[in-house]
Every structure is written in structure tokens, then in C-alpha cells.
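Analysis of the macromolecular model
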Amino acid sequence: MRRIGKQCMRWFLLILVFPASLVYSHGTAYEIIRPDSITIRASFDTGEPIAHTDVLVFPPDQTEAQSEVTTDANGIFAFSPDRPGTWSLQVRGRGGHGMRINLDINQELLPGEPSGSGRVSYLQKIVMAACVVWGLTGTALFFSRKKA
Amino acid sequence: MSFTRIRFLCIVPVAAFIFLYGCSSEKNSALVFRANGEDFVRQGFIDKQGWAIAFDTVLVHLSDIAAYNKKEGLRAELQGNFAVDLAAGDDNAIPVKVGTVDNVAAGNYQSLKFKVTKATAGEYRGSSIVMTGKAIKDSLSIPFIIKINETMTFTCTEGYVGDEIKGIVKEDSVADVEMTFHFDHIFGDNDAPMDNHINSSSVGFDFFYQYRDGGKVAVSQSELKQDDEYETFVRALWSLGHCGEGHCEVSEQSTELHD
């Protein structure tokens, strides 16, 4: 009896899902995702785009480039900062000259990361440390108690 | 345990903490200021008119040199006047050390300001830039000495442009900043297209060659004032100052030009 019930339930679920998958199999869909990069357009003073040019990306307080990207025909390039601070972007122009963009990235501008996720504040660290000490003290007192 | 002993046990770690904290807050970092004429000056080059230029000396007189970061409240000033030979050393010499500022706070000294001023003493008194060397083209070999008395201030706010970031000082370490001078802005560059700004905005050695006397060129800026290309020449001087490959703003120029 129980086995028959299980079989009925399987068929019921299959009937429920199959038409829905038919409906959506040839449709189009879109999904809004959080942007994973910051996009910049580089141009000369004249407004002419700095096209097909190398851009060196320097993280905050780093002397060496983390990555190198290239501008497209419209002078557009993108990069993905992974921490807040001043990011330096060096765009090489014609004749060996170049420009440097110093971009301040704060927590809100960090792409692809909900604010505060995965980060522990200073206050949180203190509270966590206090809890550990408290726990160890309690454990030590428990085992060192004199038995009545 | 006696009260004295407890007090001793408390005092020792506190004193140690204060001592270590005091040591760590001491500024042992330094910022080195360098000047660079790049390979054009050290190795020579072919100018836009086909002259092979080889420099013996390129003296630049500098003063009021400072690296700073307004946002972070940082400033390091190199006190004094300096006569720097950008052609010093061999073909692959590192940029010339102008001076060091010790005990600077850690941080990003991205911005740079410096003045090109006249020498107040010595052989080239009254000149701000002096170039000596030889220009060769076909069968001609012309020694030259070109004295410039233009004074100007260069401000490079955004910072060094190159393969690395300069001016980031970390605790107990030494970093450098660089004042870069692009002399191809005066002579042009045979390797660049003739319609490139480096050639369309420069005068080339021909500009000086026309003032030759007795098989050599010995000319000063004041003698060039009547030349049709004088304005182009002065504007080229105003574009000499760089921070790596990044342009610097020029101000306080001694020559007045009408736009």
C-alpha cells in the first residue's frame, strides 16, 4: 500500500513539472545580476577615445600592477576592485605618454559584494575574543571546582 | 603572593608595552627624490630632422622640491637648490639621485612639485638648463652648448605614470619619486610619425644650428627671441616636466606669451 502511494506521488510530480518545462524550453529569459566590474571611458582632451590601449591596474598602496586590461574602440575598459581604497589606473597614450586615474573605491562602490558580507568589524572581533576568553574561563572553573 | 610582587608583575608588561609602542611609532622611513632625463639623454637619439644628438651634460637647476598627498595630509620637502646632470653615468645609469628626506611618515606621496630655477653661482650662473654635446648629420659634426634661462614650476598632481607606482612609503622602508624631463619635446623624435605632437610641437636641432659660429653652436635663450619659432621653443620648454610618462602642469613661467 505504502509502495503504491510512493509511485502515485512520483507520477503526480512528473505531470506537474513536465508541461512547465515545455513552456519555458523555447522562451527567452533574463536575469538581473549585480555588476561585477567598474566601467570607465578614457578619452583625450579633444574627446577622442583612447582606443585599443593598455591600462595597468594598481590596487591601493601597491607599487606593482595587479592586472592589465585594454580599452576597446570607444576607449572603454572595465576592472574589478576587490577592496576599498584608492585604485590607480594608468592609461598609456600615444608617443609613450599616459595618464593616471586615482579612483577612490569605497565599500558601496565595491562591485559584486553585498556590503558587510564576509567582513568582521573591529568591535565584532573584540566581542568574539571576549566570548572565547569567557568560555575558557568558565570551562577552567568547571573542571577545577571542588567536589562537595 | 605579596602585594609588591603582584604590583611588579603588573608594571613589567605595561612598561614593555609602552617601550615597544614607542619604538614602533618612530619614523624610520625615507623618501628619495630622483631626476631622470630618460634614455634620450643618456643614450642619445635621432631628432626629427635627422640629427644624431649625443649629450655630454644636461644640467638642470632645481629648487622647492616637494612630494605630497593633500588627501592624506602628507608632505615631504627637499630643502635646497640642486644642479643635476641628467646625462651623468653610462647609457644604462639609473635616474640621478637629487636628495633624500628622512623620517617621513608612511603613506602615498603621489603628487610632486618642483621648480626649474636659475643657477646663482658657478660657470652657468643665470642659466636654468644647460645642454652640451655633439650633433651629427651626414658629414657634419657640430659641438653645441645651449643655455636656457627660463624658470618655471611643474606640478604633477596625479602621480607617476610608468610600469610601477612610485612614492608609496611603508614603515621602515625607503621609496622614491621621480622628476622626469622629456628633451625629445625640444628636438622631436625621428622614430615618431612627423604629425605626432612630439614632432609638430618641437623645433629640432636645425633651430639651434642656424646660430652656428666657427663650426659650433653656442647659443643662449636670449639670442633666440627674434626667431620665428621662438614661441614653439618656449612652449616645448614648458612641457619638459613630467612624472614618468605623466604630464605635469606648468606655472610661474618667466616668459610671457600671448595666446
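Here, every reference points to the structure presented above.
Every chain is numbered on its own, with residues counted from 1 as its sequence reads. A letter from A marks each chain and a number from 1 marks each ligand, given out in the order of writing. In view of the model being predicted, local features appear only for residues whose pLDDT reaches at least 70, and side-chain atom pairs are presented and counted only at 80 or more, with totals across whole chains, interfaces and linings using the full set of residues. Only heavy atoms go into the side-chain values, all of them from the structure, while hydrogens and water stay out.

Some thoughts on the overall build of chain A
Secondary structure elements follow DSSP: runs of H or I of four or more residues count as helices, runs of E of two or more count as strands, with numbering from the N terminus. Within chain A, the regular secondary structure consists of 2 helices and 6 strands. Secondary structure of chain A in N-to-C order comes out as α-β-β-β-β-β-β-α. A 1.4 Å probe and the Shrake-Rupley method give the accessible areas. Residues count as covered only by the protein chains that appear here. Taken as a whole, chain A presents about 11400 Å² of accessible surface, with 62% of it coming from carbon and sulfur.

Description of the packing of aromatic side chains
Residue and element names in this part refer to chain B. Two rings from Phe, Tyr or Trp (for Trp, the six-membered ring) form a pair when their centres are within 6.5 Å of each other. A pair whose planes differ by under 30 degrees is stacked, one over 60 is edge-to-face, and the rest are tilted. Taken as a whole and judged by the stated rule, the model has 18 aromatic pairs over all chains. Centroid distance F208 to F233: 5.7 Å. Interplanar angle 85 degrees. Geometry classified as edge-to-face. Within this pair, whereas F208 is found in helix α5 (residues 206-209), its partner F233 is found in helix α6 (residues 230-238), the two being separated by 25 residues in sequence. Relative accessible area decides the class of each residue, using a 1.4 Å probe on protein chains only: under 20% of the type maximum gives buried, over 50% gives exposed, and in between gives partly exposed. Residue classification places F208 among the buried residues on the basis of a relative accessible area of 0%. In this scheme, Lys NZ or Arg CZ marks a charge over a ring once it lies within 6 Å of the ring centre and within 35 degrees of the ring normal. Cation over ring: K166 sits above Y160, and NZ or CZ is 5.2 Å from the ring centre.

Quick word on the environment of D227(B)
Residue and element names in this part refer to chain B. Structurally, the position occupied by D227 is in the loop between β14 (217-220) and α6. Contacts: residue pairs with any heavy atoms within 4.5 Å of one another. Look past the residues within four positions of D227 in its chain and what remains in contact with it is F207, Q210 and Y211. Of note is the side chain of D227, whose polar atom sits 2.7 Å from the side chain of Y211. Under the rule applied, a polar contact is a pair of N or O atoms within 3.5 Å (in protein, one hydrogen donor and one hydrogen acceptor; residues adjacent in sequence only if both atoms are side-chain atoms).

Examining the state of the cysteines
Residue and element names in this part refer to chain B. Note that a disulfide, as used here, is simply two cysteine sulfur atoms within 2.5 Å. Using the criterion set out here, one finds 1 disulfide over all chains in the structure. Between the sulfur atoms of C156 and its disulfide mate C248 the distance is 2.0 Å. With the S-S dihedral at roughly 90 degrees, the linkage between C156 and C248 falls on the right-handed side. Of this pair, C156 sits in strand β11 (residues 152-156) while C248 sits in the loop between β16 (246-247) and β17 (249-251), and the two are 92 residues apart along the sequence. Sulfur of C243: no disulfide; nearest cysteine sulfur belongs to C156 and is 4.7 Å away.

What to know about the interface of chain B and chain A
Opposite the 22 residues of chain B that make contact, chain A presents 17 residues. Buried area adds together the accessible area that both of two parts lose upon being put together, with accessible area traced by a 1.4 Å probe. Carbon and sulfur atoms supply 43% of the area that chain B and chain A bury against each other, a total of about 1600 Å² over both sides. Counted as salt bridges are all cases of a side-chain nitrogen of Lys or Arg within 4 Å of a carboxyl oxygen of Asp or Glu. Across the contact surface, chain B and chain A share 2 salt bridges. Among the salt bridges present, the one from R92(A) reaches D163(B), with a minimum N-O distance of 3.2 Å. Counting across the interface, chain B meets chain A through 11 residue pairs in polar contact (both at pLDDT 80 or more).

Describing unusual backbone geometry
All names here are of chain B. One non-glycine residue, D138, adopts positive backbone phi at about 55 degrees. If you trace the backbone, D138 turns up in the loop between β9 (129-137) and β10 (140-148). Positive phi is not limited to glycine here, since E252 has a value of about 55 degrees. Residue position: E252 is located in the segment after β17. E252 gets classed as exposed once you look at its relative accessible area, which sits at 52%.

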